[in-house]
Structure formats: C-alpha cells, structure tokens
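Inside the fold
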Amino acid sequence: MQIVGLNLEELEELVLKLGEPRYRARQLLDWVYKKGIDDFGQMSNLPALFRERLQEQGLAGSALTQAGAEEATDGTKKYLFRLPDDFCVEAVYIPEKKRKTVCFSTQVGCAVGCTFCATGQQGFKRNLTAGEIVDQVRKIGVDRRTRISHAVAMGQGEPLANYAATLKALRLLNADYGLQMAARHLTVSTSGVVPAIYRLADEKLQINLALSLHATNDELRSQLIPLNRTYPLAQVIQACRDYAAKTKRRVTLEYIMLEGVNDGEADLARLVELTVGWLCHVNLIPYNPVPAVAYRPSAPRTRQRFLGYLQEKGVAASIRQERGAEVNAACGQLRQHLKL
Ligand code: SF4
C-alpha cells in the first residue's frame, strides 16, 4: 500500500492503529504532497521508530517509479511510469504560459478499442488504483519543480470505466491536504459511459466533462468508438446536456477530424444540430496519424470551414492546438514510442 492514494480519514485510521497521534497523518501528507518527498527516510520531523514501522507494514510513499521520459521542443514532456506489478502507464506534461497541465492515465490499456487510438489497439490490462492515478500528477510536478494547475483524465483508459478510483484521485487532487487543485481545473474525458455521466453529475464536484464525440451518426460513431453500440449517440448527448444543466459546467465535445470520414458537409450540418442551443463547446482536433491505422487528418481548410460554420450558427468552437506530437504525446497517441 502507498501513502499517495489514501485520503485523510484512511491515513488517520492507519496512524492511530500504529499507536501514533492523529496529526501524524497530516504530517505524512505534507511531505508527500506539499514537499514532494515520498521517501520515509527523508521525513525528518517523524520519529525514526514510526518511519521504521511504516516500512515494516509494507507501506511506501509512492506507487510509481519513472521508467522513461521524452521532451519535445515546445516543453511538452511524456513520462513512462512503472507500476508495482511492472505494468507501465504514460502521462504527459503540457506547459502553456501560466497553465501547467498534466494529462494522466486511468487504466493500463483500454477496453473501448477506438479504431483511431494507439491505446485502443492494445486491449485492456487492468484498472489503476487512485494512488497510481494521482501520483502521475504529483510526480510530474516534482520533476518539473512546478505547481500543476490543471489535470485531465485523457491518457490511457476510459476514466468512467474505472469510476471509483478516478473519483477518489480527483478528490485527492482537489483536497486541501492533497495537491490543492481547483475542481474547475480538473477534467474527465469519456467515450460516453452514460450511467457514469449521470453519476458524475451528482457528485457535487465542479469538475469538467469532455466527451469524445468524433461522429454525428450512430453508424460511423460505432465504427470509431465501439462503446457507441452500448450507449448510442442520442443517449450520450442527452446525458451530456443533463450534465451541463445540472452542474452549470460547459461540456467539451471533442471532434477528431478525419479526412473523408467525418469531415463532410452532411457531418457539419449534423454537428450543428447536435450542439446548438446548450452549454457545450466543440473542440476540433487535428488528427495525428498512428502507425498501422489508416486514417488521415482533414485539410486545414476543412477544419476552418467547420470552425467558421459552427461559430456562425452560435456554437462555441475552437481548433485545438496540438502539442507534443513529435513525442507522440498528442491525443490518442500514448503508448507508441517509449518501449516497455
Ligand atoms: S480513445 Fe480513449 S476510450 Fe478510446 S480506446 Fe483510446 S484510451 Fe480508450
């Protein structure tokens, strides 16, 4: 078991069991989250005997070890983290002026199997624990010697298929004793797990929801995102509209633009129909080719046509500036280069 991943109540219970006063829990959390130290040996204000007992109990500070990293010229950095059972996951650091974002993983592999996604090609291995999730963000902040301001569950895995661990990790990122990140700076990106979207809306957390939309009819969406066969488009859009209405948070609709696949005039007309009149934002994403996958990116002029028409119809929209493509850290491109 690791300290990162335990909430305050769990850690207090643990230190009390070890015969220590309750405040030791906050001391431990201070070392791990505020000072970025996860080696018990360096936690100098804790009694040596207590530190020994933590180790005897098989406890560790951290869940992850850094197994590799690649940095792009724009400062984007992709990390490979090794888990206690030797599986590896990736996370990405994206610096932009004052905003420092980490895109983190929630599963090893992914069962959804989106046809444009590098992770989707390798299948599902296992869920990450809350500690393994939150530690990606914490460790990157320590490595970059910076305060991570934003975090997005947009790496490997479908976050809402690992609901409990993802939610616990988000609460730890937000907690005053954790990484103290504003809830409105945290985003969960889903391929459309409808019951979990409703559950998330009831959590009373001001976190953002992003939906991988990518197609405007069921036939194409089911081809691109097989989960659409279980939760078809109308249900997914209704769940997102209800999320926006309940939380008053604008839902982001991600739309990877694929040449000759989803970038025609009929797609654009349907996209407007699906998005006009409710609290959403369409994010048009230039596709970054994945080896062994046949899709190609839409022409820049087509992206501009989509952007202009959506805006003309009163739909909030933008074209995502892709960062880190040279290290394969862009959307759908994790698990390509760093060898396990
Ligand atoms: S895009 Fe996301 S949900 Fe789809 S296969 Fe890749 S990791 Fe899974």
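Criteria and thresholds
Residues numbered from 1 in each chain as written. Predicted model: local features only at pLDDT ≥ 70, side-chain atom pairs only at ≥ 80, totals over all residues. Heavy atoms only, no water. Domains from an automatic or database assignment. Contact = heavy atoms within 4.5 Å. Buried area = accessible area lost by both parts, 1.4 Å probe. Salt bridge = Lys/Arg side-chain N within 4 Å of Asp/Glu carboxyl O. Polar contact = N/O pair within 3.5 Å; in protein donor to acceptor, adjacent residues only side chain to side chain. Helix = DSSP H or I, 4+ residues; strand = E, 2+ residues; numbered from the N terminus. Nonpolar A, V, L, I, M, F, W, Y, C, P; charged D, E, K, R; others polar. Pairing = 2+ DSSP bridges. Axes fitted to C-alpha atoms, helices over the stretch in contact; angles between N-to-C directions. Near = heavy atom within 4 Å. Buried < 20%, exposed > 50% of the residue type's maximum accessible area, 1.4 Å probe, protein only. Expected span 1.5 Å × (residues − 1). Parallel < 35°, antiparallel > 145°, perpendicular 65-115°, else oblique. Left-handed = near helix turned anticlockwise from the far one by under 90°. Arc of directions from axis to C-beta.

1. A few points about the domain arrangement of the protein chain
Once the domains are mapped, the protein chain shows domain 1 (8–56) and domain 2 (65–327). If you look at the interface, domain 1 gives ten residues, while domain 2 gives eleven residues. Taking both sides of the interface into account, the surface hidden between domain 1 and domain 2 amounts to around 910 Å²; carbon and sulfur atoms contribute 50%. If you sort the residues of domain 1 by the area they bury against domain 2, Y33, K34 and D38 come out on top, with a joint share of 53%. For the pair domain 1 and domain 2, the interface holds three salt bridges. Between D38 and K139 there is a salt bridge, and its shortest N-O distance comes to 3.5 Å. The tally of links from domain 1 across to domain 2 stands at five residue pairs in polar contact (both at pLDDT 80 or more). At the level of secondary structure, the elements contributing two or more residues to the side of domain 1 that touches domain 2 comprise α1 (8–17) and α2 (23–34). Considering every element that reaches the side of domain 1 that touches domain 2, the biggest residue donor is α2, with five residues. For the side of domain 1 that touches domain 2, the class distribution of residues is five nonpolar, one polar and four charged.

2. Considerations on the sheet that holds strand β2 (residues 77–82)
Pairing in this open sheet of ten strands is mixed, and the strands run β1-β2-β3-β4-β7-β8-β9-β10-β11-β12 from one edge to the other. The open sheet is flanked by β1 (65–71) and β12 (316–319), the only strands paired with a single partner. Recorded for the sheet is a direction-independent mean angle of 20° between the axes of neighbouring strands. Summarising the sheet, β1 and β2 pair through six bridges and their orientation is antiparallel. Bridge pairing in β2 links E70 to K78. Set on the sheet, helix α10 (residues 300–312) makes contact with β10 (251–257), β11 (280–286) and β12; between it and β12 the angle comes to about 165°.

3. What about the site of the ligand?
The local shell around the ligand consists of C110, V112, G113, C114, C117, G120, G155 and G157. For the shell around the ligand, a count of residues per class yields four nonpolar, four polar and no charged.

4. Thoughts on the side chain of Q27
Here Q27 shows up in helix α2. The class of Q27 is buried, set by a relative accessible area of 18%.

5. Notes on helix α8 (residues 233–247)
Over its 15 residues, α8 runs 21 Å from end to end, which matches the ideal 21 Å to within 8%, given 1.5 Å per residue. Phi for K248, located one or two positions after α8, is positive at around 60°.

6. Quick notes on the packing of α1 against α2
As a packed pair, α1 and α2 sit with axes 8 Å apart at the nearest point and diverge in direction by 120°. Between α1 and α2, the interaxial angle falls into the category oblique. The hand of the α1/α2 crossing is right-handed. Across the interface between the two elements, L8, L11, E12 and V15 of α1 pack against R24, A25, R26, L28 and L29 of α2. Across the contact of α1 with α2, the residue classes tally to six nonpolar, no polar and three charged.

7. Here we look at helix α3 (residues 48–56)
All of the buried residues along α3 are F50, R51 and L54. One face of α3 carries all of its buried residues, which in axial projection span an arc of 100°. Opposite the buried face of α3, by more than 90 degrees, sit the exposed residues L49 and E56. The secondary structure elements touched by the buried residues of α3 are α1 and α2. Of the residues flanking the end of α3, it is G58, one or two places downstream, whose phi is positive at about 80°.

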